[in-house]
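Structural features, examined
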Protein chains: 2
Amino acid sequence: MIFHKGTLLVLSGPSGSGKSTLIHTILQHIDNVYFSISTTTRAKREGEVDGRDYYFVSREQFEKEIAAGEFLEWANVHGNYYGTSIKPVKKAVEAGKLVLFDIDVQGFMSIKKSPFAKILTSVFITTPTMSELERRLIARGSDTEETIKKRLANAQKEITYMPHYDYILINSDLQQSQEQILAIAKAARLKRAEDEIGEFINYWKEH
Amino acid sequence: MIFHKGTLLVLSGPSGSGKSTLIHTILQHIDNVYFSISTTTRAKREGEVDGRDYYFVSREQFEKEIAAGEFLEWANVHGNYYGTSIKPVKKAVEAGKLVLFDIDVQGFMSIKKSPFAKILTSVFITTPTMSELERRLIARGSDTEETIKKRLANAQKEITYMPHYDYILINSDLQQSQEQILAIAKAARLKRAEDEIGEFINYWKEH
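Here's what I pulled together on the structure shown here. Note on numbering: residues in each chain are counted from 1, in written sequence order. Think of it this way: whatever chain is written first is A, whatever ligand is written first is 1, and the rest follow in order. Predicted model: local features are reported for residues with pLDDT of at least 70 only, side-chain atom pairs are reported and counted for 80 or more only, and whole-chain, interface and lining totals are derived from all residues. Hydrogens and water molecules were not included; the side-chain quantities draw on all heavy atoms of the structure.

**Structural notes on the relation of the copies chain B and chain A**
We place the copies in one frame by least squares, fitting the C-alpha atoms of every residue whose pLDDT is at least 70 in both. Superposing chain B onto chain A requires a rotation of 180° together with a translation of 0.0 Å along the rotation axis, leaving an RMSD of 0.0 Å. Put plainly, the chains are arranged around a two-fold axis. For chain B, the smallest separation between a C-alpha atom and the rotation axis is recorded for B:Ala183, amounting to 2.2 Å. A symmetric contact is evident, with 100% of the interface residues of chain B recurring at the interface of chain A. Should any heavy atoms of two residues lie within 4.5 Å, those residues are counted as being in contact.

What follows is the structure, encoded as structure tokens:
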């Protein structure tokens, strides 16, 4: 018997921490990864594709799924729902995938309390300082001054959740950060659920 | 501020699982590792060196250190004491080392309950089957038939502790196992104690 089930890897961190680049690094270098796509009720923006960026659904549909217990985690942010459906995650775990999540601290806290906790690895990604985060947000030039202020205020809240994560990645040197995230992703594969370990122990003794 | 404190990495697994080879792999490829040496009251065997294989001490000395609370973990096995002193581990953590432990399941359970738990990573190493373990013990030719029987009986007990470990490494392909243990060791470096995270958060907000 070889273990064949998948595991979960959560990446959180402020917008501007370099999280998206590190997710891209994992997708490029690690086989058999399923990138979890969130469901939302917010309007589709220009260039966004349903099923790639988000699953876009109606408010009625989302609330029906909440009631049916079909979300692993969900939140209402400024009137829009965001969430992760359990079904595709379960399916990917059964298929032996590394299920990769780019979610905020609240979403992570929910997954940490879910039945997936034993096979979950979590990483908090941050800049070395807040002024470095500000510098990067200004440099990428995609946000207004007001949005940058909001992002910095939000980052100050998010960073207080750091102690709940397994690993802390301070993203100052990109090459080093890429090596670190790949090490974490490879290790994450070796987490095992208790039921699978139980099966293995029986098999091991009998063979 | 950059994190500068060390972390702990425990490797457990039956004699014959290939644990020693994987410890050697870590020592060869990872910088700044401190391999924890146990203290024992058992007699020194031929070829063993005090301070390399064990710290050999008297029963009186060992019991004095137990009473003084100087052991991170200790056990009495068939009349001989074995244990890990806290002091060198603390010193190595302060110096930013990855502190590597080759200890049994009981010793691990004690460390897991210690104040080091938050910066501890643990791996259980095993053969794919019990008969494969027996085959390896016979092949290495260093044990009597009776000792092999004892080792197999002990392995059957040890393996039931698997669910308590962070990672499970089934050592069937050496090259793959080496890649896996190096990924785990690199990731282990990114665990952080709550006090160090607290300091970082304050620093981050102020800079």
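After that view, the rundown keeps rolling.
**Comments concerning the pairing of strand 9 (residues 167–170) of chain A**
Residue and element names in this part refer to chain A. Side chains Tyr 167 and Leu 169 project from strand 9 onto one buried face, and the interleaved Ile 168 and Ile 170 project onto a second face that is buried too. Strand pairing is defined by DSSP finding a minimum of two bridges between the two strands. Numbering of helices and strands runs from the N terminus; a helix is a DSSP stretch of H or I covering at least four residues, while a strand is a stretch of E covering at least two. Alignment of strand 8 (residues 120–126) against strand 9, held across four bridges, turns out to be parallel. Each bridged residue has a counterpart across the sheet, and for Phe 124 the counterpart in strand 9 is Ile 168. In this scheme, a residue with accessible area under 20% of its type's maximum is buried, one over 50% is exposed, and one in between is partly exposed, where area comes from a 1.4 Å probe on protein chains only.

**Notes on helix 3 (residues 86–94) of chain B**
Residues and elements named next belong to chain B. Within helix 3, burial applies to Val 89, Ala 92 and Val 93. Each buried residue of helix 3 sits inside an arc of 100° when the element is viewed along its axis, so together they form one side. Turned more than 90 degrees away from the buried face of helix 3 sit Lys 87, Lys 90, Lys 91 and Glu 94, all of them exposed. On its buried side, helix 3 packs onto strand 1 (7–12), strand 2 (33–35), strand 5 (71–77), strand 6 (80–85) and strand 7 (98–102). Backbone geometry just after helix 3 places Gly 96 at a positive phi near 80°. In this context, the arc is that of the directions from the helix axis out to the C-beta atoms.

**Brief notes about the environment of A:Lys113**
Residue and element names in this part refer to chain A. Residue position: Lys 113 is located in the loop between helix 4 (105–112) and strand 8. For Lys 113, a relative accessible area of 70% puts it in the exposed group. Sequence separation of Lys 113 and Leu 98 is 15 residues, and the distance between their C-alpha atoms is 19 Å.

**Describing the sheet that holds strand 6 (residues 80–85) of chain A**
All names here are of chain A. Read across the open sheet, the four strands follow the order 4-3-6-5; overall the sheet is mixed. The open sheet has two free edges, formed respectively by strand 4 (55–56) and strand 5 (71–77), since each of these has just one partner strand. Inspection of the sheet shows strand 3 (residues 39–40) paired to strand 4 by two bridges, in the parallel sense. Within strand 4, the residue paired with Thr 40 across the bridge is Phe 56.

**Things to note about unusual backbone geometry**
All names here are of chain A. The residue Asn 32 is not glycine, and still its phi comes out positive at about 65°. Following the sequence through the fold, Asn 32 ends up in the loop between helix 1 (19–29) and strand 2 (33–35). Phi is positive for His 78, close to 50°, though the residue is something other than glycine. If you trace the backbone, His 78 turns up in the loop between strand 5 and strand 6. A residue is classified by how much of its surface remains accessible, and His 78, at 80% relative accessible area, is exposed.

**Some remarks on helix 5 (residues 130–140) of chain A**
Those residues of helix 5 of chain A not exposed but buried are A:Met130, A:Glu132, A:Leu133, A:Arg136 and A:Leu137. Each buried residue of helix 5 of chain A lies within a common arc of 160° when the element is viewed along its axis, so the set occupies one face. Along helix 5 of chain A, the residues that are exposed and aim more than 90 degrees away from the buried face are A:Ile138 and A:Ala139. Looking at the buried residues of helix 5 of chain A, the elements they touch are helix 6 (145–158) of chain A together with helix 8 (194–206) of chain B. Just downstream of helix 5 of chain A lies A:Gly141, where phi reads positive at about 65°.

**Comments concerning the interface of chain B and chain A**
If you look at the interface, chain B gives 37 residues, while chain A gives 38 residues. Defined here as a combined quantity, buried area equals the accessible surface (1.4 Å probe) lost by two parts on assembly, summed across both. At the boundary of chain B with chain A, total buried surface from both sides reaches about 3500 Å², with 72% on carbon and sulfur atoms. Considering only the surface of chain B that becomes buried against chain A, B:Tyr167, B:Leu190 and B:Trp204 emerge as the three largest contributors, covering 22% of it. We define a salt bridge as a contact between a side-chain nitrogen of Lys or Arg and a carboxyl oxygen of Asp or Glu at a distance within 4 Å. On the surface where chain B and chain A come into contact, there are zero salt bridges. Polar contacts, as counted here, are pairs of nitrogen or oxygen atoms within 3.5 Å of one another; within protein the pair requires one atom able to donate a hydrogen and one able to accept it, and residues that are adjacent in sequence qualify only if both atoms are side-chain atoms. Where chain B touches chain A, the interface holds 17 residue pairs in polar contact (both at pLDDT 80 or more). Among the secondary structure elements, those contributing two or more residues to the side of chain B that touches chain A are strand 8 (120–126), helix 5 (130–140), helix 6 (145–158), strand 9 (167–170), helix 7 (174–188) and helix 8 of chain B. Per-class residue counts for the side of chain B that touches chain A are 22 nonpolar, nine polar and six charged. Lys, Arg, Asp and Glu make up the charged group, whereas Ala, Val, Leu, Ile, Met, Phe, Trp, Tyr, Cys and Pro make up the nonpolar group; the residues left over, Gly among them, are polar.

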